[in-house]
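# Structural description and commentary
Each chain, written out:
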Amino acid sequence: MRLGVIDGRAVVVRGDRAADVRWASKGRLPTDPMPLLEEWPRLREWAAGLADGAFDIPVDPTALGAPVPRPRQVFAIALNYPPHAAEAGFTPPDEPLVFTKFPACVTGPHTTVALPAGKVDWEVELVAVIGRETYRASEDQAWEAVAGLTVGQDLSERVTQLRGKPAQFSLGKSYTGFGPTGPVLITPDEFDDPDDLEITGLLNGVPVQHDRTKSMIFPVPELVARLSAVVPLFPGDLVFTGTPAGVGNRMDPPRYLTEGDELVSRIEGIGEIRQRFTAVHL
């Protein structure tokens, strides 16, 4: 199943058409995707029986919003691909390095981002969306807790991020628009192998990041197990799972986002998100 959001309304997407969840369910299911995630098993069962005629809305990719617009918790993982750890000058970690992005930074898949002062960098990431309240899940149980997968960008302003001791990771990664996600949420059963997806980032059409998610040191099930061992996870929580090598601040010379740049983040079987950047005019 593919869940999207158009004009704030949850839709089930099939190809280039969508079914409005509230209309097609005759009001039995909510419009808002957040309470809908609280009823994920019920939604899955209902969507499986949808007739082709219910898909009566043409899907304009640029009209899609964030599939999870108001998550309660947004977790992010640092240095989760060995080549990225190496380019950053670190050995691969023995346990997940966790920080947060503040939920207010979450936006949809096609956006224009105003660049704050500083050095803004890119980080294409697979994002796992939690589909049920989960506490102390085992790795074997973890995929059952995941509603689906989507594409994300962990945009990062490096000056703020690295200022101070300890550094300000969460603050530097949470400027307005710094958490674009989408284009849709896709359930794990839609993939041949949800642990092995091609992930690519392009800047102005040129590939800057490329890997497969099987390269992650800590795959999605282990991240869900380790996070839920500490805190409860709730429906709609996001887990940004880390970025491959190729970020701008590790280039020689470093390359940061500037006015007029276009960033495309793409994951096999999910789709792509696209950001354009403008300068901040004070």
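Above: the structure in question.
In this text, all values refer to a predicted model and were calculated from it rather than measured experimentally. (Residues numbered from 1 in each chain as written. Predicted model: local features only at pLDDT ≥ 70, side-chain atom pairs only at ≥ 80, totals over all residues. Heavy atoms only, no water.)

### Structural notes on the overall build of the chain
- Scanning the chain from terminus to terminus reveals 8 helices and 18 strands.
- Computed over its C-alpha atoms, the radius of gyration of the chain comes to 18 Å, within 12% of the 19 Å expected for a compact globule of 282 residues.
- Taken over the C-alpha atoms alone, the chain extends approximately 55 × 45 × 30 Å along its principal axes.
- Residue burial in the chain is summarised as follows: out of 282 residues, 55% are buried.
- Taking contacts inside the chain between residues at least 6 apart in sequence as the whole, the part at least 24 apart equals 75%.
- When the accessible surface of the chain is totalled, it reaches about 12300 Å², and 53% of it is carbon and sulfur.
- Here the chain contributes 27 positively and 38 negatively charged side chains, and the mean placements of these two sets differ by 4 Å. (Helix = DSSP H or I, 4+ residues; strand = E, 2+ residues; numbered from the N terminus. Rg over C-alpha atoms; globule rule 2.2 N^0.38 Å. Buried < 20%, exposed > 50% of the residue type's maximum accessible area, 1.4 Å probe, protein only. Contact = heavy atoms within 4.5 Å. Areas by Shrake-Rupley, 256 points an atom, 1.4 Å probe, with all protein chains shown as cover. Lys, Arg positive; Asp, Glu negative; His and termini not counted. Charge placed at Lys NZ, Arg CZ, Asp CG, Glu CD.)

### Comments concerning helix α3 (residues 40–48)
- Residues Trp40, Leu43, Trp46 and Ala47 constitute the buried set of α3. For α3, the angular spread of buried residues about the axis comes to 125°, placing them on one side. Turned more than 90 degrees away from the buried face of α3 sit Pro41, Glu45 and Ala48, all of them exposed.
- On its buried face, α3 sits against β1 (2–6), β2 (9–14), α1 (21–24), α2 (33–37), β11 (146–153) and β13 (179–186). (Arc of directions from axis to C-beta.)

### Comments concerning the environment of glycine 8
- Mapped onto the elements, glycine 8 comes out in the loop between β1 and β2.
- Separated by 105 residues in the primary sequence, glycine 8 and valine 113 place their C-alpha atoms 20 Å from one another.
- What glycine 8 contacts, discounting residues up to four positions off in sequence, is Thr31, Asp32 and Pro33.

### Observations concerning the pattern of salt bridges
- Under the definition given, this model contains 21 salt bridges.
- A salt bridge links glutamate 222 to arginine 226, with the shortest nitrogen-to-oxygen separation between them at 2.9 Å. Taken together, the residues glutamate 222 and arginine 226, both in helix α8 (residues 220–228) and 4 residues apart, mark about one turn of the helix.
- Assessed through its relative accessible area of 14%, glutamate 222 is described here as buried.
- The class of arginine 226 is partly exposed, set by a relative accessible area of 34%. (Salt bridge = Lys/Arg side-chain N within 4 Å of Asp/Glu carboxyl O.)

### Examining the pairing of strand β5 (residues 74–78)
- With 5 of 5 residues buried, β5 lies mostly within the body of the structure.
- Covered by surrounding structure in β5 are Val74, Ala76 and Ala78 together with Phe75 and Ile77, the residues of both alternating faces.
- As paired strands, β5 and strand β16 (residues 238–240) are joined by 3 bridges and run parallel to one another. Opposite alanine 76, over in β16, you have phenylalanine 240 as the bridge partner.
- Note: β5 against strand β6 (residues 97–100), 4 bridges, orientation antiparallel. Note on β6: the bridge partner recorded for alanine 76 is phenylalanine 99. (Pairing = 2+ DSSP bridges.)

### Digging into α8
- Summarising burial for α8: 8 of the 9 residues are buried, a large majority.
- All buried positions along α8 are accounted for by Val220, Pro221, Glu222, Leu223, Val224, Ala225, Leu227 and Ser228.
- Looking at the packing, one finds that the buried side of α8 touches β5, β6, β10 (124–130), α5 (139–142), β11 and β16.

### Describing the sheet that holds strand β15 (residues 206–212)
- Strands sit in the order β8-β18-β17-β14-β15 across an open sheet of 5 strands; the sheet is mixed. In this open sheet, the two strands that pair with only one neighbour each are β8 (110–115) and β15. Neighbouring strand axes in the sheet, compared pairwise and without regard to direction, differ in orientation by 20° on average.
- Sheet topology note: the β8/strand β18 (residues 271–279) ladder contains 6 bridges and is parallel. For leucine 115, the partnering residue across the bridge sits in β18 and is alanine 279. (Axes fitted to C-alpha atoms, helices over the stretch in contact; angles between N-to-C directions.)

### Points about the nonpolar core
- Ranked by size, the top nonpolar core spans 35 residues in total, and within it Leu126, Val146, Leu149, Val220, Val224, Ile267 and Ile270 carry the most contacts.
- For this core, the secondary-structure elements that each account for two or more residues are β2, β5, β10, β11, β13 and α8.
- Contacts of valine 224, omitting those with residues within four sequence positions, involve Ile130, Ala142, Ala145, Val146 and Leu233.
- Counting 32 residues, the second largest nonpolar core, distinct from the first, contains Phe55, Ala88, Val129 and Ala147. (Core = buried A, V, L, I, M, F, W, Y, C linked by side-chain atoms within 4.5 Å.)

### Remarks on the side chain of asparagine 80
- Within the secondary structure layout, asparagine 80 lies in the loop between β5 and α4 (82–87).
- For asparagine 80, a relative accessible area of 0% gives the class buried.
- Contact partners of asparagine 80, with chain neighbours within four places excluded, come to Ser215, Met216, Ile217, Phe218, Leu223, Thr241 and Gly242.

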